[in-house]
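Structural characterization, general
Each chain, written out:
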Amino acid sequence: MIVCVAVVGHQNNPLYIQSFTEADDDLKLHHIVHCSLDVVDERVNNPKRSGSTLNETFLGLLYPTENYKVYGYLTNTKVKFMLVTTDLDVRDADVRNFFRRFHSAYVDAVSNPFHVPGKKITSRTFAERVSNIVKSFRLNPSG
């Protein structure tokens, strides 16, 4: 189950963060996303050690915790997308597909002439589209 998605700017400033849990753990999820930014920086600055290529936008599993797994995606403009899930067995192909759809929604949101680059995304259309992607996209354990 997807519990949180986030868009983080190239200067590690949060542009959009949305949790999909009924519990009041927004601050905890924000902290988990923030902690995973160190792993993103490490993988981007040391691509040889992590095994990813320079052209790879999908960063894979970034930050596993006891209850959550954080996956990352990096755009060409160094904007980071984060996905926090409670599922422990998730296929990378499913997460890649999610990020592809999420990236498309992000591009549409920032292509709005009234959006100021680098500022928080406040578009209701973007929020609804993200909610629809999360609802339609069930990360099912393989098996």
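Naming follows an unreviewed UniProt entry, where the protein chain appears as Trafficking protein particle complex subunit of Dillenia turbinata. Checking UniProt for the protein chain, the heading Subunit (unreviewed entry) contains the comment "Part of the multisubunit transport protein particle (TRAPP) complex."

1. Some words on helix H3 (residues 92–110)
Each full turn of the α-helix corresponds to 3.6 residues, which orients residues three or four apart in the same direction. In this model, H3 (19 residues) spans 26 Å end to end at C-alpha, consistent with the 27 Å of a helix rising 1.5 Å per residue. Of the positions making up H3, those classed as buried are Asp94, Val95, Phe98, Phe99, Phe102, Ala105, Tyr106 and Ala109. Angularly, the buried residues of H3 cover 125 degrees about the axis, an arc narrow enough to put them on a single face. The inward-facing, buried residues of H3 abut strand S1 (2–8), strand S3 (58–64), strand S4 (69–74), strand S5 (80–85) and helix H4 (124–136).

2. Details of the pattern of salt bridges
In the structure shown here, the tally under the stated rule is two salt bridges. Two residues, Asp94 and Arg91, come together in a salt bridge whose shortest N-O distance is 3.2 Å. For Asp94, a relative accessible area of 17% corresponds to the buried category.

3. Some remarks on the layout of surface pockets
Size it by volume and the largest pocket reaches roughly 270 Å³. If you trace the largest pocket, you find 17 residues lining it, with Leu15, Thr77, Val79, Tyr106 and Gly118 closest to the centre. For the lining of the largest pocket, the element with the highest residue contribution is H3, accounting for four residues. Each residue belonging to the lining of the largest pocket can be placed in one class, and the counts come to six nonpolar, ten polar and one charged.

4. Some thoughts on the sheet that holds S4
Read across the open sheet, the five strands follow the order S2-S1-S5-S4-S3; overall the sheet is antiparallel. The open sheet terminates on both sides in strands that have one partner only, identified here as strand S2 (14–19) and S3. Geometrically, the sheet is characterised by an average inter-axis angle of 15 degrees between neighbouring strands, direction not taken into account. Contacts from H3 reach S1, S3, S4 and S5 within the one sheet, and its direction differs from that of S5 by about 130 degrees. Contacts between H4 and the sheet are confined to S1 and S2, with S1 contributing the most and set at about 140 degrees to the helix.

5. A few points about the pairing of S4
Extensive coverage of S4 is indicated by the burial of six of its six residues. Side-chain alternation along S4 places Lys69, Tyr71 and Tyr73 on one buried face and Val70, Gly72 and Leu74 on a second face that is also buried. Summarising the sheet, S3 and S4 pair through five bridges and their orientation is antiparallel. In the strand pairing of S4, Phe58 is matched with Tyr73. Pairing analysis gives six bridges linking S4 to S5, with the strands arranged antiparallel. Bridging from a neighbouring strand, Tyr71 pairs with Leu83 of S5.

Reading guide: rules and limits
- Residues numbered from 1 in each chain as written.
- Predicted model: local features only at pLDDT ≥ 70, side-chain atom pairs only at ≥ 80, totals over all residues.
- Heavy atoms only, no water.
- UniProt positions renumbered as here; feature names shortened; annotations may be inferred.
- Helix = DSSP H or I, 4+ residues; strand = E, 2+ residues; numbered from the N terminus.
- Expected span 1.5 Å × (residues − 1).
- Buried < 20%, exposed > 50% of the residue type's maximum accessible area, 1.4 Å probe, protein only.
- Arc of directions from axis to C-beta.
- Contact = heavy atoms within 4.5 Å.
- Salt bridge = Lys/Arg side-chain N within 4 Å of Asp/Glu carboxyl O.
- 1 Å grid on protein atoms, 1.4 Å probe; cavity = no way out; pocket = protein on both sides within 12 Å on 5 of 7 lines; lining within 4 Å.
- Points joined across faces, edges and corners; volume = space filled by probe spheres on them.
- Nonpolar A, V, L, I, M, F, W, Y, C, P; charged D, E, K, R; others polar.
- Pairing = 2+ DSSP bridges.
- Axes fitted to C-alpha atoms, helices over the stretch in contact; angles between N-to-C directions.

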